[in-house]
Amino acid sequence: DAKTTQPPSMDCAEGRAANLPCNHSTISGNEYVYWYRQIHSQGPQYIIHGLKNNETNEMASLIITEDRKSSTLILPHATLRDTAVYYCIVRWNSGNTPLVFGKGTRLSVIA
Amino acid sequence: DTGVSQDPRHKITKRGQNVTFRCDPISEHNRLYWYRQTLGQGPEFLTYFQNEAQLEKSRLLSDRFSAERPKGSFSTLEIQRTEQGDSAMYLCASTLGPLSYEQYFGPGTRLTVT
């Protein structure tokens, strides 16, 4: 699986959009970009994933650059409950392999 | 609540003792994963099952660790002769099958070895 690079921490004002970047310059053509988050004292939670195209669901949007070497997770209106560690993961195929987590980005949403 | 449960939630044990953790996945999920997470790090993969078959084990899973999923439903993770370095959060996750993209995680078991 390709390696990812994320900033260790970010702050975001409540109600504003949180944009979390991820670099994955060695991603290969069949690898997907996944995002999970982990709220304190809980297990990780799936947010979104994509291959090439931008994706949106009820939680977030995922923007993948055309060369697929980086991506951005967007939480459009961050709330205090979005404070968590966010993990960007690159995976070989769509679902049946174990997840390889890095250290992630600790997002603090501030009132 | 994701539907994946783990028991116990917390375990304190003395070095050298054996401990066993249990994971109950979502009922129709046939894939079950174990991860370990130490403070400040992301979870690390330990092993996974497809039904009752253990398909992959990480190098992190030393000889003191054993995992089972005897009937393809719940799973147990046993650590023998615990060491202080085993102190961590042990997470279990399940998925419906090979084509499922989302892993559902339980709340974890926090192990402290004194």
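Everything below is about the structure shown above.
So, here is what we can say about the structure in this document. Small disclaimer: the values here were computed from a predicted structure and weren't measured. (Residues numbered from 1 in each chain as written. Chains lettered and ligands numbered in written order. Predicted model: local features only at pLDDT ≥ 70, side-chain atom pairs only at ≥ 80, totals over all residues. Heavy atoms only, no water.)

Looking now at the interface of chain A and chain B. Chain A puts 19 residues into the contact, and the matching count from chain B is 22 residues. Of all elements in the fold, only β3 (32–38), β4 (45–50) and β8 (84–91) of chain A reach the threshold of two or more residues within the side of chain A that touches chain B. When residues of the side of chain A that touches chain B are assigned to their parent elements, the largest contribution, 3 residues, is made by β3 of chain A. Within the side of chain A that touches chain B, the residues separate by chemical class into 8 nonpolar, 9 polar and 2 charged. (Contact = heavy atoms within 4.5 Å. Helix = DSSP H or I, 4+ residues; strand = E, 2+ residues; numbered from the N terminus. Nonpolar A, V, L, I, M, F, W, Y, C, P; charged D, E, K, R; others polar.)

Okay, the state of the cysteines next. Taken as a whole, this structure holds 2 disulfides over all chains when the rule is applied. Here C22 of chain A connects covalently by a disulfide to C88 of chain A, the sulfurs 2.1 Å from one another. Taking the sign of the S-S torsion, about -80° here, the bridge from C22 of chain A to C88 of chain A comes out left-handed. Of the two residues, C22 of chain A sits in strand β2 (residues 18–23) while C88 of chain A sits in strand β8, which places them 66 residues apart along the sequence. Paired by a disulfide, C23 of chain B and C92 of chain B hold their sulfur atoms 1.8 Å apart. For the disulfide bridge between C23 of chain B and C92 of chain B, the dihedral angle about the S-S bond is near -65°, and by the sign convention the bridge is left-handed. Placement of C23 of chain B in strand β3 (residues 19–24) and of C92 of chain B in strand β9 (residues 88–95) is noted, with a sequence separation of 69 residues between them. (Disulfide = S-S within 2.5 Å.)

All names here are of chain B. Examined against the element boundaries, N30 turns out to sit in the loop between β3 and β4 (31–37). Within polar-contact distance, the side chain of N30 engages the backbone oxygen of L96 at 3.2 Å. Residues within four places of N30 in sequence aside, it is in contact with F49, Q50, N51, R69, T95, L96 and G97. (Polar contact = N/O pair within 3.5 Å; in protein donor to acceptor, adjacent residues only side chain to side chain.)

Turning our attention to the pattern of salt bridges. Oppositely charged side chains may form a pair once their charged atoms are brought near each other. Residue and element names in this part refer to chain B. Inspection of every chain in the model, using the stated rule, returns 4 salt bridges over all chains. Residue D24 is joined to R22 by a salt bridge in which the shortest nitrogen-to-oxygen separation is 2.7 Å. For D24, a relative accessible area of 25% translates into the label partly exposed. Note on R22: relative accessible area 33%, which makes it partly exposed. The closest approach of N and O atoms between D86 and R64, which form a salt bridge, is 2.8 Å. With D86 in the loop between β8 (75–79) and β9 and R64 in the loop between β6 (53–57) and β7 (65–68), this pair connects stretches of sequence that are 22 residues apart. In this pair, the class of D86 matches that of R64, namely buried. One connected set of salt bridges, linked through shared partners, spans R64, E83 and D86. (Salt bridge = Lys/Arg side-chain N within 4 Å of Asp/Glu carboxyl O. Buried < 20%, exposed > 50% of the residue type's maximum accessible area, 1.4 Å probe, protein only.)

When its volume is computed, the largest pocket comes out at roughly 470 Å³. Along the wall of the largest pocket there are 22 residues; nearest its centre are Q38, V85 and R106 of chain A together with Q37 and G40 of chain B. Among the elements of the structure, β8 and β9 (105–110) of chain A together with β9 of chain B are those that each provide at least two residues to the lining of the largest pocket. Counting residues per element, the lining of the largest pocket draws most heavily on β8 of chain A, at 3 residues. A per-class count over the lining of the largest pocket returns 8 nonpolar, 11 polar and 3 charged. Roughly 310 Å³ of volume is contained in the second largest pocket. Surrounding the second largest pocket, 15 residues form its lining, L99, V100 and F101 of chain A together with E44 and F45 of chain B being those nearest its centre. Among the residues forming the lining of the second largest pocket, the class breakdown is 7 nonpolar, 5 polar and 3 charged. (1 Å grid on protein atoms, 1.4 Å probe; cavity = no way out; pocket = protein on both sides within 12 Å on 5 of 7 lines; lining within 4 Å. Points joined across faces, edges and corners; volume = space filled by probe spheres on them.)

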